[in-house]
Amino acid sequence: MVSRLILGIALLFVSCLLSAQSFSLKGKVVDADTDVPLSDASLVISGAGKMAVSGQDGRFEIKELKPGKYTLIISHTGYLPLERAVELNRGKNEPLAIRLTREQAEGANKVPVTDIPTITLDEAEALGDGAGEVANLLNASRDVFQAISGFGWSVFRFRERGYDSGQFQLFMNGVPFNDPETNWTPFGDFAGLNDVLRNRETTIGLDPADFTFSEVGGANFIDTRASVQRKQIRATYAVSNRVYRNRMMLTASTGLLPGGWAVSVSGSRRWAEEGYVEGTSFDGYSYFLSVDKKIGRRHGLNLTFFGAPVRRGRSADSFQEMYAVAGSNYYNPLWGYQNGEKRNSQIQTNHQPVAILRYDFNISARTTLLAAAYTQFGKSGFTRLNWQDAPNAAPDFNRRLPSSLPDAALEAEWFDYLSQNESARQVDWDAFYEANQTKFTTVPDVNGIPGNTVSGLRASYIVEDQRSENLEAGGNLVLNHQLNDRIRLQGGGNYQWYRGRNFKIAEDLLGADYWNDWDFFGQFDTENNNARFSDIRVPNRLTRAGDIFGFDYDENVRRGTIWTQAQIDLPRFQFFAAVEGGRTAMWRTGAMQNGRFPDSSLGDSEQMNFNTWGVKGGGVWKINGRNYLYANGFTGARAPQFRDVFLSPRVRNATLPGAQTYDIRSVEGGYLLRAPRLKMRLTGYLTTFENEALTVFSNPGPIGRVYEGIPIDGLNLEVEGLQDLPFFIGATVMQGINRRHTGLEMGVEVRPVPSWVFSAAANVGQYIYTNRPNLYMSPEYNNAPVLNAGAVFQNNFYVPRTPQTTGALSVKYEARRFWFASLSFNYADNFYYEFDRVRRTNAYVEGLNPENPIWNTVIDQQKAPAAYTLDFFGGKSWRVARKYFVYLNVGVNNLLNDQNIVISGREVYRNVYRNEIDNPRYYTNELLYAFGTNYFISLGLRL
């Protein structure tokens, strides 16, 4: 009896222990198409209040679960939500393998979005010339807000939070890809390679990145390894009426082969004899090769090589007056007829291939190392007209405008003539050849050689090509370590070596025999006989076709950074902290000894060094598996850009007085909702930039001149030795600029039923300057000092050239039989023009009566009218023999054909002399307009 009692009590005790025992649900989340691990996926046990977020390796664990059946809900930005039934028992519970599919039509025959040739990089770039300013093309479809802003608002030249491109970092296969000279993202270097750039990781704003200490705008990491590319052969053909008319693309990827090899190749061509704007042309190629070798289970090598040579005829902004003359807002002043064919005077060329060697080392189950080295080389060019002892060649030069004539009758007569004669408002190539045939000239002592006399036709007009030949190399290391189940550590460092050679060559002498290599500004110096020579070591040099002339110098930049970061993932909270330190060095190396600056133009300049740093951190409160609150902060110092430190680098080594780093401080916070049928992000942000430097190609009045070098009377600066000389300004730079960017951004996506998707986004921002910085000028006179022109009264002016208020609404239908259609409405307002800083100085407005109505015309900042577009995008796909897919995509933008959307505006100089500053006709703007109705149609085949 006692033994039975003891046995019963033991059995009861064991049963209680078993029933109280808790279990863990483990697994891994990966991309269903590429098997790439997905971090930050949300996993929620329905009804149990238990949740987890996947780590960098895609793994997750939900602890303290009792035996039984559960419903697991998995969601991740950019992927279809998934619900999965799971059962935990007292036996062995195998880890779950969860494969998420990228968002596309739901249903039995749904096709992953990676199969659809959507409009991404180069198509979005084709919307306008300012693709380099559109910093979030790579983020599209990764976030509810950015999915809309990256495409729908790009036509308005929208820049997220008003930031410059340099605040958005790009890493290509492990190496930093922002240009070291400008910090811009060089989208053109990989345009046309859509198929192989789809595997990417994105961070938004101040969120932590596992691969770098990201800037305030976030960061993108594109993985180009062949082993992560979809196994396929894919061909597409597209037609468009945008920048290019035709595009062909072919891609082949093997996937991972036996023996650990993988190969991916891709190529494309885009071309147009004439794009949307008259006189433009486009011819671009792209190529890509990636080879992988897996060495055992722990090592991987990858070599990636790509490039995108392009030759493109450009368009330019112009006066509204000339648009009225031409009867079109797409008047292009850069072309004219030559022998009956259109010829563009500004041809842009670029080819800068990149080679990247990447090594991945899985040191242990918890530690990985990424090491990458790269080099980039090549050249870019930009042709333009130049002239000597001849009238300005620009057909829309302000002195040729009807409004420049003093008599109303003459103005009307000239307006009518220009309207009726297209050739009169375009580049006159025949006149250039004719002018060059009339100047037979004899030049003595050519190249400084006594008795070396040369006779021939001296060019009055030429086409010059401003070249840049760059060489860049560097490396990057990233170490990731999972310290324990809750803490991850990252760190790394990178180094960039950059040399950019800048020079120009005589591209076309237009029928002449030679061009005098004279410095334009030096011709006005009657006291210095050498001032007119671009290189006094070779005086009286004659330039033949293909020769270098004018300027020749190198921009040298060396940059290194190290960083470390810790991320802590608790059941209800997530925290991170990161710190970065770096150093940037830059200097100029001149290859010519300029006659105006013989002592400061040849050889190396002083080396400018800047110590940079950054600290950031933040946290997330995981209210439950669907609702999150987060807040992040950043403070740090960044180096100025080369162009903002060196004044007139084409001719001398002068630097901005007191050049130093600028400070950035930023905070953001918001709410994130991730539910199977509802997604939303609401973010507020505040960012300040302090002590920035900025080169402004202003339009000076009485205190200088930038563009044509016309001497200005009435100079109000007292500089010894300069008062009685012709005065020219070659560079204008502001120092000590403060600006504040504040705003609220919201994106929401609702899927009430599987086939319908409703989206909305809005950005309400205020980006303003908050102080009065100093204006410095670099006089184009022999060894002249840099001048301080005083304070610029720009306090409370708006940061120009991006809309500060935007909104969008979109509806999309996704059918079960492989077709979809969407219609979106996009709105933009508060787009302010680039303003002339010189007009906002005491020296300019001195003597101007504030009561005069012209005061507001001179001082106030102007903006573009509000604008909106209605856009359509749709597609249809067919499955053939259960293995092949055919895709048709159609995109039509600006369905309402609004041709009055201003996408660039700047104040321009109109020969405002001291006695004419109250004449309103001289205060005009040069504008650029977005395309009217435009389309893109692509047909693709995947094997």
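Residues numbered from 1 in each chain as written. Predicted model: local features only at pLDDT ≥ 70, side-chain atom pairs only at ≥ 80, totals over all residues. Heavy atoms only, no water.

Engineer: I'd like to hear about the overall build of the chain, residue by residue, with values.
Structural biologist: The helix and strand inventory of the chain stands at nine helices and 47 strands. In the chain, which comprises 943 residues, the proportion classed as buried is 57%. Sequence separation of 24 or more characterises 71% of the internal contacts of the chain that already satisfy a separation of 6 or more. Accessible area of the chain: about 38000 Å², with a carbon and sulfur share of 56%. (Helix = DSSP H or I, 4+ residues; strand = E, 2+ residues; numbered from the N terminus. Buried < 20%, exposed > 50% of the residue type's maximum accessible area, 1.4 Å probe, protein only. Contact = heavy atoms within 4.5 Å. Areas by Shrake-Rupley, 256 points an atom, 1.4 Å probe, with all protein chains shown as cover.)

Engineer: Kindly report on helix 5 (residues 408–420), identifying the contributing residues and their values.
Structural biologist: Over its 13 residues, helix 5 extends 19 Å from the first C-alpha to the last, a length consistent with the 18 Å expected when each residue adds 1.5 Å. Two or three places before Ala409, at the start of helix 5, stands the capping residue Asp407, its side-chain oxygen 2.9 Å from that residue's backbone nitrogen. (Expected span 1.5 Å × (residues − 1). Polar contact = N/O pair within 3.5 Å; in protein donor to acceptor, adjacent residues only side chain to side chain.)

Engineer: Describe a nonpolar patch on the surface, listing the residues and the values that go with them.
Structural biologist: Together, Ile233, Leu250, Trp878, Val880, Tyr884, Leu941 and Leu943 make up a nonpolar patch on the protein surface, roughly 600 Å² of accessible area in all. In this fold, Tyr884 is placed in strand 44 (residues 884–893). (Patch = residues over 30% accessible without salt bridge, like charges linked within 9 Å, V, L, I, M, F, W, Y side chains within 5 Å. Salt bridge = Lys/Arg side-chain N within 4 Å of Asp/Glu carboxyl O.)

Engineer: So what's going on with the sheet that holds strand 10 (residues 200–204)? Residues and values would help.
Structural biologist: Strand order in the open sheet made by the four strands is 9-8-11-10, with mixed pairing throughout. Looking along the sheet, the strands with just one partner apiece sit at the ends: strand 9 (175–176) and strand 10. Of the strand pairs in this sheet, strand 8 (residues 169–172) and strand 11 (residues 218–222) are connected by four bridges, and their pairing is parallel. Paired with Gln169 across the two strands is Ala219, which belongs to strand 11. (Pairing = 2+ DSSP bridges.)

Engineer: Describe unusual backbone geometry, listing the residues and the values that go with them.
Structural biologist: Residue Asn183 is not a glycine yet carries a positive backbone phi of 70°. Mapped onto the fold, Asn183 is located in the loop between strand 9 and strand 10. Located in the positive-phi region is Asn830, a residue other than glycine, with phi close to 60°. You can see Asn830 is positioned in strand 42 (residues 819–831).

Engineer: Explain the environment of Pro37 to me, using residue names and the numbers behind them.
Structural biologist: Along the chain, Pro37 turns up in the loop between strand 1 (23–31) and strand 2 (42–45). Given a relative accessible area of 33%, Pro37 falls into the partly exposed group. As a C-alpha pair, Pro37 and Arg59 span 22 residues in sequence and 8.0 Å in three-dimensional space.

Engineer: Which residues make up the sheet that holds strand 3 (residues 50–53), and what are the values?
Structural biologist: Taken in spatial order, the four strands line up as 3-2-5-6 in an open sheet, and their pairing is antiparallel. On the outer flanks of this sheet lie strand 3 and strand 6 (82–88), each paired with one strand and no other. If you compare each strand with its neighbour and ignore which way they point, the axes differ by 25° on average. In terms of strand pairing, strand 2 meets strand 3 through four bridges, oriented antiparallel. Within strand 3, the residue paired with Ser42 across the bridge is Val53. (Axes fitted to C-alpha atoms, helices over the stretch in contact; angles between N-to-C directions.)

Engineer: Could you give an account of the pattern of salt bridges, naming the residues involved and the relevant values?
Structural biologist: Under the counting rule described, the total for this entry stands at 38 salt bridges. Of the charged contacts in the structure, one is a salt bridge between Asp143 and Arg681, with a shortest N-O distance of 2.9 Å. Taken together, the positions of Asp143 in the loop between helix 2 (121–125) and helix 3 (144–149) and Arg681 in strand 36 (residues 678–695) put the pair 538 residues apart, joining distant regions of the chain. Per residue, the accessibility class of Asp143 equals that of Arg681, and both read buried. A salt bridge links Glu926 to Arg906; its shortest N-O distance comes to 2.4 Å. One end of the pair, Glu926, is in strand 46 (residues 924–929); the other, Arg906, is in strand 45 (residues 902–908), and 20 residues separate them in sequence.

Engineer: Summarise the pairing of strand 44; cite the residues concerned and give the values.
Structural biologist: Pairing of strand 43 (residues 867–880) with strand 44 involves nine bridges; the strand directions are antiparallel. By the bridge assignment, Trp878 is partnered in strand 44 with Val886. Hairpin connection from strand 43 to strand 44: three residues lie between these consecutive antiparallel strands, with Ala881 at a positive phi of about 55°. Two elements, strand 44 and strand 47 (residues 934–942), share nine bridges in a ladder whose sense is antiparallel.

Engineer: Report on the environment of Thr857, specifying residues and quantitative values.
Structural biologist: You can see Thr857 is positioned in helix 9 (residues 854–859). With 62 residues separating them along the chain, Thr857 and Asn919 place their C-alpha atoms 9.9 Å apart.

Engineer: For the nonpolar core, give the residues involved together with the corresponding values.
Structural biologist: Note on soluble globular proteins: their nonpolar side chains tend to be buried together. With 37 residues, the main nonpolar core has Trp153 and Phe156 as its most contacted residues. Looking at this core, the elements with two or more residues in it are helix 3, helix 4 (320–326), strand 42, strand 45 and strand 46. Residue contacts for Trp153: discarding those within four places in its chain leaves Phe145, Ile148, Phe158, Ala761, Ala762, Asn763, Thr806, Gly807, Ala808, Asn826 and Tyr827. (Core = buried A, V, L, I, M, F, W, Y, C linked by side-chain atoms within 4.5 Å.)

Engineer: Describe the packing of aromatic side chains, with residues and values.
Structural biologist: Counted under the stated rule, the structure contains 35 aromatic pairs. Ring centres of Tyr323 and Tyr331 lie 6.5 Å apart, and the angle between their planes is 80°; on these two criteria the pair is classed as edge-to-face. By the burial criterion, Tyr323 is buried, and Tyr331 matches it. Between Tyr798 and Tyr832, the aromatic rings sit 4.1 Å apart at their centres with planes inclined by 5°, giving stacked as the arrangement. Of this pair, Tyr798 sits in the loop between strand 40 (787–791) and strand 41 (803–814) while Tyr832 sits in the loop between strand 42 and helix 8 (842–845), and the two are 34 residues apart along the sequence. Accessibility expressed as a relative area gives 10% for Tyr832, which makes it buried. Taken together, the aromatic side chains of Phe177, Phe187, Phe190 and Phe306 make up a single cluster linked through ring pairs. Lying over the aromatic face of Trp335, Lys342 brings its terminal NZ or CZ to 5.0 Å of the ring centre. (Phe/Tyr/Trp six-rings, centres within 6.5 Å; stacked < 30°, edge-to-face > 60°. Lys NZ or Arg CZ within 6 Å of the ring centre and 35° of its normal.)

Engineer: Quick one: what's the story with helix 6 (residues 429–436), residue by residue and with numbers?
Structural biologist: Three or more residues of helix 6 are buried, namely Trp429, Phe432 and Asn436. Taken end-on, helix 6 shows its buried residues confined to a sector of 60°, consistent with a single buried face. On its buried side, helix 6 packs onto strand 19 (335–338), strand 20 (341–344), strand 23 (367–387), strand 25 (454–457) and strand 26 (461–482). (Arc of directions from axis to C-beta.)

Engineer: Please provide a residue-by-residue account of the side chain of Ser240, values included.
Structural biologist: If you trace the backbone, Ser240 turns up in strand 12 (residues 232–240). Within polar-contact distance, the side chain of Ser240 engages the backbone nitrogen of Arg242 at 3.1 Å. Those residues in contact with Ser240, other than ones at most four positions away along the chain, are Arg245, Tyr935 and Phe936.

Engineer: Residue-level account of the environment of Ala864, with values.
Structural biologist: Within the fold, Ala864 resides in the loop between helix 9 and strand 43. Residues Ala864 and Ile903, 39 residues apart in the sequence, show an inter-C-alpha distance of 8.3 Å. Ignoring anything within four residues of it in the chain, the contact list for Ala864 reads Asp829, Phe831, Tyr833 and Val902.

Engineer: Kindly report on the confidence of the model for the chain, identifying the contributing residues and their values.
Structural biologist: On average, residues of the chain score 86 in pLDDT, and 87% of them are at 70 or above. Segment residues 13–20 is flagged for pLDDT under 50; beyond a separation of four residues in sequence, or across chains, it makes two contacts in the model. Contacts of residues 698–726 to residues separated by more than four positions or lying in other chains number 85 contacts, the stretch itself having pLDDT below 50. (pLDDT = per-residue confidence, 0-100.)

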